[in-house]
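Results of the structural survey
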Amino acid sequence: EEVYAELRLKQLLWDSIDEWDILLDRWVNVEFVTIDPEDLNSQTMKYAKFVAQLEKGLPPNQVVPLLKERVDKMREKLPVITDLRNPTLKPRHWDMIEEAIDYKISAAEEPLTLGKLIELKAFQHTEEIQEISGQASSEASLEGILKKVEDSWKSTEFIVLPHKDSKDIFILGGTDEIQQLCDDSNINIATIASSRHVGPIKHRVDDWQTNLELFGKTLEEWTTCQRNWLYLESIFSAPDIQRQLPSESKSFLAVDKSYKEIMRKVQKVPLAMRAATQPGLYDTFRNNNNLLDQIQKCLEAYLESKRVIFPRFYFLSNDELLEILAQTRNPLAVQPHLRKCFDAISKLEFGTEKKPGETEDAPEEIVFTNDILAMISPENEKVALGKNLKARGNVEDWLGKVEEAMFFHLRRLMKSSINDFEQYDREEWLKMHASQIVLTVSQMMWARDITEVLEDEDMDARLPGMLNFEQKSFTDLNKLS
């Protein structure tokens with residue numbers, strides 16, 4: 001058994017030396033570009049294992065060190081061979097390698113082989129070759145990232161939607177995904193730009209940095225312009241607003257025309273990067289936004305002037321007030337907002353008149369006039385506002401007249417109610433007047449009666465008077481409930 005084991009190891013030793021020489025001869029003479037570094041590595045490691053087995057199993061001899069020396073020499077060369085077979089090496093990198101080994105490689109004259117590299121002592125320049133190969137890998141990685149950025153923008157389009165069922169007016173749809181892509185691209189391009197191996201693609205990276213910066217700024221101005229345009233478009237489409245703000249309407253019309261033209265072009269070619277980096281587009285949006293800001297400031301000042309005249313408009317939001325002002329010729333437009341302006345007016349009662357039908361057979365049509373007859377509470381209690389009160393002219397003016405009429409008539413009704421208080425039974429009196437009047441007058445009378453009891457000159461009569469008044473109050477409240 002011992003003899004068999006030793007014979008087997010000696011057989012392995014001599015076979016390995018023969019096989020290794022054949023392999024080495026093939027590797028040294030074959031064209032370098034055909035060498036597979038992985039195969040080279042696995043074969044070398046296989047024979048390195050054999051050497052370890054032989055060192056352990058055989059007694060000391062002169063042949064095993066011979067094989068070991070040959071295998072170890074190849075193992076030392078493996079990192080450089082792997083670096084030189086790096087698939088990302090380009091002609092410019094080979095120029096650097098030629099400079100490092102001081103030899104001009106010419107495939108036409110003499111194909112490059114491993115033997116030639118050994119002859120040129122290329123393996124003495126391990127660090128330089130490793131640096132060049134690492135640089136090639138890094139540059140290829142950066143190019144890969146840049147290509148991903150470029151490819152992602154080739155197919156990215158803006159979502160373009162028709163505006164209010166219109167066939168030739170368009171708006172941008174959601175831009176969240178595009179904004180996210182822009183942020184991601186900026187991070188990737190910044191990563192590439194900060195690498196020391198950016199050199200060969202620096203001009204492309206610089207172009208992308210410029211384009212992405214312009215894209216981001218333009219998109220921000222674009223979305224701001226669209227938001228303000230959509231808000232003001234619904235306002236300035238009202239003839240009454242155009243009439244009251246002619247200068248602002250003219251400015252808005254210029255922005256309106258510009259924005260619609262831009263969106264029509266984008267609808268035809270919605271590629272995001274191409275659309276948002278057109279020359280002059282960023283400046284156009286900036287100018288439009290400056291105009292829209294001025295229009296909004298003028299609009300705010302206009303609304304403030306209305307609120308100064310009729311302060312109850314401060315209870316309304318800008319949109320609610322604009323809704324009223326956009327329909328100044330329609331007094332009924334005020335109705336939905338009266339509850340906010342007046343604490344307990346649900347609506348106003350307008351006069352009506354009959355209008356003949358358009359044809360003889362058509363029935364008469366009942367239409368509202370601009371006469372204001374009464375105010376109606378949320379509980380449908382009605383209080384007349386007298387004659388000659390009309391919804392005519394500016395809405396803030398005639399609403400001011402409504403307010404005056406409200407004060408005037410409530411004051412007059414209160415005087416009447418005070419007179420009736422002494423003449424009628426309490427239960428009957430309660431039903432004769434509006435609730436607000438009844439509440440106010442009954443509180444006045446309660447205060448008057450209790451003051452009389454408290455100021456009674458007969459000190460002894462005060463306590464019984466208070467007790468009696470308390471009972472009267474309870475009785476009144478019970479009857480009321």
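Residues numbered from 1 in each chain as written. Predicted model: local features only at pLDDT ≥ 70, side-chain atom pairs only at ≥ 80, totals over all residues. Heavy atoms only, no water.

1. Comments concerning the nonpolar core
Among the nonpolar cores identified, the biggest contains 81 residues, and Trp-153, Phe-158, Phe-215, Trp-222, Leu-348 and Trp-398 are the most heavily contacted of them. Per element, the largest residue contribution to this core is 11 residues, and it comes from helix α8 (residues 202-236). The residues contacting Phe-215, other than those within four sequence positions of it, are Trp-153, Phe-158, Ile-178, Cys-182, Ala-272, Met-273, Ala-276 and Thr-277. In terms of nonpolar packing, the next biggest core, distinct from the first, is built from 33 residues, Leu-40, Leu-54, Phe-123 and Ile-132 among them. (Core = buried A, V, L, I, M, F, W, Y, C linked by side-chain atoms within 4.5 Å. Buried < 20%, exposed > 50% of the residue type's maximum accessible area, 1.4 Å probe, protein only. Helix = DSSP H or I, 4+ residues; strand = E, 2+ residues; numbered from the N terminus. Contact = heavy atoms within 4.5 Å.)

2. Here's the deal with unusual backbone geometry
Located in the positive-phi region is Asn-380, a residue other than glycine, with phi close to 70°. Relative to the helices and strands, Asn-380 resides in the loop between β4 (365-376) and β5 (382-384).

3. Points about a negative patch on the surface
A contiguous patch of negative charge, built from Asp-456, Glu-457, Asp-458 and Asp-460, is present on the exposed surface. Residue classification places Asp-456 among the partly exposed residues on the basis of a relative accessible area of 30%. (Patch = residues over 30% accessible without salt bridge, like charges linked within 9 Å, V, L, I, M, F, W, Y side chains within 5 Å. Areas by Shrake-Rupley, 256 points an atom, 1.4 Å probe, with all protein chains shown as cover. Salt bridge = Lys/Arg side-chain N within 4 Å of Asp/Glu carboxyl O. Lys, Arg positive; Asp, Glu negative; His and termini not counted. Charge placed at Lys NZ, Arg CZ, Asp CG, Glu CD.)

4. A short note on the pattern of salt bridges
All told, the structure shown has 24 salt bridges when counted by the stated rule. Of the charged contacts, one joins Lys-68 and Glu-55 as a salt bridge, the two residues approaching to 3.4 Å between their closest N and O atoms. In this pair, Lys-68 sits in helix α3 (residues 63-84) while Glu-55 sits in helix α2 (residues 37-57), placing the two residues 13 residues apart along the sequence. Classification of Lys-68 as partly exposed rests on a relative accessible area of 32%.

5. Some points on a nonpolar patch on the surface
The grouping of Leu-454, Leu-463, Met-466 and Leu-467 at the surface amounts to a nonpolar patch, some 380 Å² of accessible area in total. When residues of the nonpolar patch are assigned to their parent elements, the largest contribution, 3 residues, is made by helix α18 (residues 459-480). The topology assignment puts Met-466 in helix α18.

6. Describing the packing of α2 against α3
Two numbers describe how α2 lies on α3: the axes approach to 9 Å, and their chain directions differ by 155°. By the angle class used here, α2 and α3 are roughly antiparallel. Handedness of the crossing formed by α2 with α3: left-handed. Mapping the contact onto sequence places Pro-37, Leu-40, Asn-41, Thr-44, Met-45, Tyr-47, Ala-48, Val-51, Leu-54 and Glu-55 in α2 and Val-64, Leu-67, Lys-68, Val-71, Met-74, Arg-75, Leu-78, Ile-81 and Thr-82 in α3. Here the residues of the contact of α2 with α3 sort into 13 nonpolar, 3 polar and 3 charged. (Axes fitted to C-alpha atoms, helices over the stretch in contact; angles between N-to-C directions. Parallel < 35°, antiparallel > 145°, perpendicular 65-115°, else oblique. Left-handed = near helix turned anticlockwise from the far one by under 90°. Nonpolar A, V, L, I, M, F, W, Y, C, P; charged D, E, K, R; others polar.)

7. Remarks on the packing of α3 against helix α6 (residues 126-154)
Where α3 meets α6, the closest approach of the two axes is 9 Å, and the angle between their N-to-C directions is 35°. Taken as a pair, α3 and α6 cross one another with a handedness that is left-handed. Across from Val-80, Asp-83 and Leu-84 in α3, the residues of α6 making contact are Thr-126, Ile-129, Gln-130 and Ser-133. Each residue belonging to the contact of α3 with α6 can be placed in one class, and the counts come to 3 nonpolar, 3 polar and 1 charged.

8. Quick look at the packing of aromatic side chains
Applying the stated criterion across every chain, the model contains 13 aromatic pairs. Measuring from centroid to centroid gives 5.4 Å for Tyr-47 and Phe-50, while their planes differ by 85°, and the two rings are edge-to-face. Highlighted residues: Tyr-47 and Phe-50, both in helix α2, separated by 3 residues, approximately one helical turn. Looking at Tyr-47, the relative accessible area reads 2%, which means it is buried. Here Phe-310 and Phe-342 contribute two aromatic rings whose centre-to-centre distance is 6.2 Å and whose plane-to-plane angle is 45°, an arrangement assigned as tilted. Linking Phe-310 in the loop between α12 (281-309) and α13 (318-325) with Phe-342 in the loop between α14 (338-341) and β3 (347-355), this pair joins segments that are 32 residues apart in sequence. Phe-342 shares its class with Phe-310; the two are buried. Through pairs of rings, three or more aromatic residues link up here, namely Trp-153, Phe-158, Phe-215, Trp-222, Trp-229, Tyr-259 and Phe-285. (Phe/Tyr/Trp six-rings, centres within 6.5 Å; stacked < 30°, edge-to-face > 60°.)

9. As for the environment of Leu-299
Mapping Leu-299 onto the fold places it in helix α12. With relative accessibility at 3%, the residue Leu-299 sits in the buried group. The spacing of Leu-299 and Lys-382 is 83 residues in sequence and 36 Å in space, taken between C-alpha atoms. Residue contacts for Leu-299: discarding those within four places in its chain leaves Leu-232, Ile-235, Leu-245 and Leu-322.

10. Some details on the side chain of Lys-260
Note that Lys-260 resides in helix α10 (residues 246-268). Overall, Lys-260 belongs to the buried group, its relative accessible area being 18%. At 2.9 Å, the side chain of Lys-260 and the side chain of Asp-256 are in polar contact. (Polar contact = N/O pair within 3.5 Å; in protein donor to acceptor, adjacent residues only side chain to side chain.)

11. What to know about the environment of Leu-373
Mapped onto the fold, Leu-373 is located in strand β4. In the structure, Leu-373 is positioned 15 residues away from Asn-388 in sequence and 8.7 Å away in space, judged by C-alpha atoms. Excluding residues within four positions of it along the chain, Leu-373 makes contact with Glu-349, Phe-350, Gly-351, Ala-384, Leu-385 and Gly-386.

All quantities given are derived from atomic positions and should not be read as evidence of function.
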